[in-house]
Amino acid sequence: MIKKIYLVFIALIMLITAACSSTASNEDEISDVEVVSEVEGTVRVSLAGWQLESGIDPITGVENMGLNEFIKKEFEPRYPNIKLEVYQVPWENAQAKQTAMLKSGDVDVLYTGGAFASQWQQQGLLRGLDDLMENDSTFDPSIYLEGVWENSYSTKSYDKSVHFGIPAILGRRIIMYDKQLFDEWGVDYLSENPSPEEVLEKAKAMTGKNPKTGEQNYGIWWDGKALNASSFVALSHAFGASGGEGTLNDLKNIKWKLNSPEMGKIFGWLEEAVKYAPPGILNTQGNENFGLEKNNIAIHLDASGASTMGEVKASGNKELLERYESTLNLGPNGEGWVAVDPFVMAKDAKNEEASWEVLKFLTGPITQEWNYVNFKNTPTLVDASFVEEEDKYMKTAMEIAQISKSTLLDEANPFFGSEIVPAINGFISKAHNGDAPDIQSYLDDLQSRAEKWSANQ
């Protein structure tokens, strides 16, 4: 009995020692982080779609560090006198929820969708950041990709005179293709910056019964029901279709060019390309196996590479990386549509000084590295050396973001989202069903509607 009590006692001592050692180790780790600011205050932060708690990634099986743990390890030691009140908002109702928070004065800093942010800026709900940046010698805007920093409606006002957002996460819109299918069909791989004509020619050549497997293949896939018509925007860069002249801060005086020859070329391309796509494009379906082993689509416009990288991480098999290649987008220099989600500050932020410190941290390299390592979100930084060497799809997306510019054909444009996108997707649907309308008449009607819309602004 005494021997058993002794053994239990020894075990307890070992557990206590291990726990103390672990605590001391964690405290040492935190104590190594230097204090960045002694600013005091409470900052209310609203985050659309972020994961707060740590957990296991269902695809890769890797443990992810949630925001709460990250804040405790990385933010609190650097900003010991700033208290964060974090509110998580699902993407499904982010715009409505965050708009209500801004109007009621219940939030200081927000992470949100770029289109939401640009609309709030127009409504006078956000604080401009130029004076804060100019008076802060520690803030260096050159760390961000120039195309995103200078040319995105998610970070600058429509007339480009006011910076209201700091870019935090990029959406990935790259062209991907299946080299295995190209080999089986005997078609040359895509060039590094393919033109619409090249894509169309090769998509046509690989639609039908695969000569090696006998299975049905499709030459191309894009989202024919996209709310942002991202592939259409890439085509507009390629064909030089600006959509019109003017700025989104003066909607009444936009000179629309929606029935131009350049726009006609885009719709002509769509009418032809839809012949080589699976029926699922009309419902954002049919590409479920792209990037994986059992694929039947040769070229994927505005892909992300996420499913391929997830499969590689889960299985450890890197053969898919060799099979699936990425290229720049369709613009003359590789431009496309680039989604940018920023952090912004409420116009009526209670503590501007503390809110600015929080905004800088949540958009800075430390947070962007955590966001990449744990959730594979695409960084907005020039120097993103933490991105894994094998993650070629993300690197391609960052190249595109560096050079792409916003035009009138952008989700920030209220007429684009409400009228142009439905017209594009409606045309794709009719063309796929063999009932494409006359392109010039279709565009003349769209032009007329745009002119009437602007006149009423």
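Here the structure is a predicted model, which is why all the values come from computation and not from measurement.

### Looking at the packing of helix α3 (residues 94-104) against helix α4 (residues 114-122)
Here is step 1 of the chain: Put simply, α3 and α4 touch, their axes get as near as 11 Å, and they point 30 degrees apart. For the element pair α3 and α4, the recorded crossing hand is right-handed. Counted together, Ala94, Gln95, Gln98, Thr99 and Leu102 of α3 and Phe116, Gln119 and Trp120 of α4 form the full contact between these two elements.
Here is step 2 of the chain: Of the residues in the contact of α3 with α4, the class split is four nonpolar, four polar and no charged.

### Observations concerning helix α17 (residues 439-455)
Here is step 1 of the chain: Relative to the 24 Å expected for 17 residues at 1.5 Å per residue, α17 spans 24 Å between its end C-alpha atoms, a close match to the ideal helical length.
Here is step 2 of the chain: Of the residues making up α17, those classed as buried are Ile439, Tyr442, Leu443, Leu446, Gln447, Ala450, Trp453 and Ser454. Along the long axis of α17, the arc covered by the buried residues comes to 135 degrees, so they all point the same way.
Here is step 3 of the chain: Check the buried side of α17 and you find it contacts β11 (255-256), α10 (261-273) and α16 (414-432).

### Regarding the pattern of salt bridges
Here is step 1 of the chain: Taken as a whole and judged by the stated rule, the model has 21 salt bridges.
Here is step 2 of the chain: Glutamate 69 is paired through a salt bridge with lysine 73; the nearest N and O atoms lie 3.2 Å apart. Taken together, the positions of glutamate 69 and lysine 73, both in helix α2 (residues 67-75) and four residues apart, correspond to about one turn of that helix.
Here is step 3 of the chain: The shortest N-O distance in the salt bridge between glutamate 198 and lysine 202 comes to 2.9 Å. Of the two residues, glutamate 198 and lysine 202 are both situated in helix α8 (residues 196-205); the distance of four residues between them amounts to about one turn of the helix. The pair glutamate 198 / lysine 202 is uniform in exposure class, with both members buried.

### Comments concerning the confidence of the model for the protein chain
Here is step 1 of the chain: Of the residues in the protein chain, 93% have a pLDDT of 70 or more, and the chain-wide mean is 91.
Here is step 2 of the chain: Here residues 1-31 is a poorly scored stretch, pLDDT under 50, and it has one contact once near neighbours within four places are set aside; other chains count.

### As for the nonpolar core
Here is step 1 of the chain: The biggest cluster of nonpolar side chains holds 139 residues, and the ones touching the most others in it are Ile220, Trp222, Trp269, Leu270 and Ile299.
Here is step 2 of the chain: Among the elements that line this core, the one with the most residues is α16, at nine residues.
Here is step 3 of the chain: With residues up to four places along the chain from it excluded, the contact list for leucine 270 reads Trp222, Phe232, Leu235, Ile424, Phe427 and Ile428.

### Here we look at the packing of aromatic side chains
Here is step 1 of the chain: Scanning the entire structure with this criterion turns up 30 aromatic pairs.
Here is step 2 of the chain: Consider the rings of phenylalanine 267 and phenylalanine 427, whose centres lie 5.0 Å apart with planes at 80 degrees: the pair is edge-to-face. Here phenylalanine 267, found in helix α10, pairs with phenylalanine 427, found in helix α16; they are 160 residues apart in sequence, far enough to count as distant.
Here is step 3 of the chain: Among the residues examined, phenylalanine 267 registers a relative accessible area of 1% and is labelled buried.
Here is step 4 of the chain: Note on phenylalanine 415 and tryptophan 453: the rings are 5.2 Å apart at their centroids and 45 degrees apart in plane angle, and the pair reads as tilted. Of this pair, phenylalanine 415 sits in helix α16 while tryptophan 453 sits in helix α17, placing them 38 residues apart in sequence. Exposure class is identical for phenylalanine 415 and tryptophan 453. Each is buried.
Here is step 5 of the chain: Here a set of aromatic residues connected by ring pairs shows up, and it is made of Trp50, Phe70, Phe75, Tyr79, Trp91, Tyr111, Phe343, Phe361, Trp370 and Phe375.
Here is step 6 of the chain: The ring centre of tyrosine 372 lies 4.7 Å from the NZ or CZ of lysine 376, which sits over that ring.

### Regarding the side chain of serine 157
Here is step 1 of the chain: Summarising the element assignment, serine 157 is placed in the loop between α6 (146-151) and β6 (165-170).
Here is step 2 of the chain: Among the polar contacts made by the side chain of serine 157, one reaches the side chain of aspartate 159 at a distance of 2.7 Å.
Here is step 3 of the chain: Setting aside anything within four residues of it in sequence, one finds serine 157 in contact with Gln121, Val162 and Phe164.

### Digging into the sheet that holds strand β8 (residues 208-209)
Here is step 1 of the chain: With mixed pairing, the five strands of this open sheet are ordered in space as β8-β9-β12-β7-β13. This sheet does not close on itself; its edge strands, each paired only once, are β8 and β13 (324-327).
Here is step 2 of the chain: As paired strands, strand β7 (residues 174-178) and strand β12 (residues 297-303) are joined by three bridges and run antiparallel to one another. Each bridged residue has a counterpart across the sheet, and for tyrosine 177 the counterpart in β12 is isoleucine 299.
Here is step 3 of the chain: Contacting β9 (216-221) and β12, α8 crosses the sheet at an angle of about 145 degrees to β12.

### Remarks on α8
Here is step 1 of the chain: The complete set of buried residues in α8 reads Pro196, Glu198, Val199, Leu200, Lys202 and Ala203.
Here is step 2 of the chain: In this structure, the buried residues of α8 make contact with α7 (179-185), β9, α9 (230-239), α10 and β12.

### Structural notes on unusual backbone geometry
Here is step 1 of the chain: At alanine 229, a position not held by glycine, the phi torsion is positive, near 45 degrees.
Here is step 2 of the chain: On the secondary structure map, alanine 229 appears in the loop between β9 and α9.
Here is step 3 of the chain: Judged by its relative accessible area of 5%, alanine 229 falls in the buried class.
Here is step 4 of the chain: Unlike most non-glycine residues, threonine 284 shows phi in positive territory, near 55 degrees.

### Overview of the packing of helix α13 (residues 352-363) against helix α14 (residues 365-375)
Two quantities define a packed helix pair, namely the angle between the axes and the distance from one axis to the other.
Here is step 1 of the chain: The geometry of α13 relative to α14 is characterised by a closest axis approach of 4 Å and an angle of 45 degrees between their N-to-C directions. Between α13 and α14, the angle is such that the two are oblique. In this structure, α13 contributes Phe361, Leu362 and Thr363 to the contact, and α14 contributes Pro365, Ile366, Thr367 and Gln368.
Here is step 2 of the chain: When the residues that make up the contact of α13 with α14 are grouped by side-chain class, the tally is four nonpolar, three polar and no charged.

### Description of the pairing of β12
Successive side chains on a regular strand alternate, one facing one side of the sheet and the next facing the other.
Here is step 1 of the chain: Judged by how many residues are buried, β12 sits mostly within the fold: seven of seven residues are covered.
Here is step 2 of the chain: The sheet contact formed by β9 and β12 spans three bridges and is parallel. Paired with tryptophan 221 across the strands is histidine 300, a residue of β12.

So, how was this worked out
Residues numbered from 1 in each chain as written. Predicted model: local features only at pLDDT ≥ 70, side-chain atom pairs only at ≥ 80, totals over all residues. Heavy atoms only, no water. Axes fitted to C-alpha atoms, helices over the stretch in contact; angles between N-to-C directions. Helix = DSSP H or I, 4+ residues; strand = E, 2+ residues; numbered from the N terminus. Left-handed = near helix turned anticlockwise from the far one by under 90°. Contact = heavy atoms within 4.5 Å. Nonpolar A, V, L, I, M, F, W, Y, C, P; charged D, E, K, R; others polar. Expected span 1.5 Å × (residues − 1). Buried < 20%, exposed > 50% of the residue type's maximum accessible area, 1.4 Å probe, protein only. Arc of directions from axis to C-beta. Salt bridge = Lys/Arg side-chain N within 4 Å of Asp/Glu carboxyl O. pLDDT = per-residue confidence, 0-100. Core = buried A, V, L, I, M, F, W, Y, C linked by side-chain atoms within 4.5 Å. Phe/Tyr/Trp six-rings, centres within 6.5 Å; stacked < 30°, edge-to-face > 60°. Lys NZ or Arg CZ within 6 Å of the ring centre and 35° of its normal. Polar contact = N/O pair within 3.5 Å; in protein donor to acceptor, adjacent residues only side chain to side chain. Pairing = 2+ DSSP bridges. Parallel < 35°, antiparallel > 145°, perpendicular 65-115°, else oblique.

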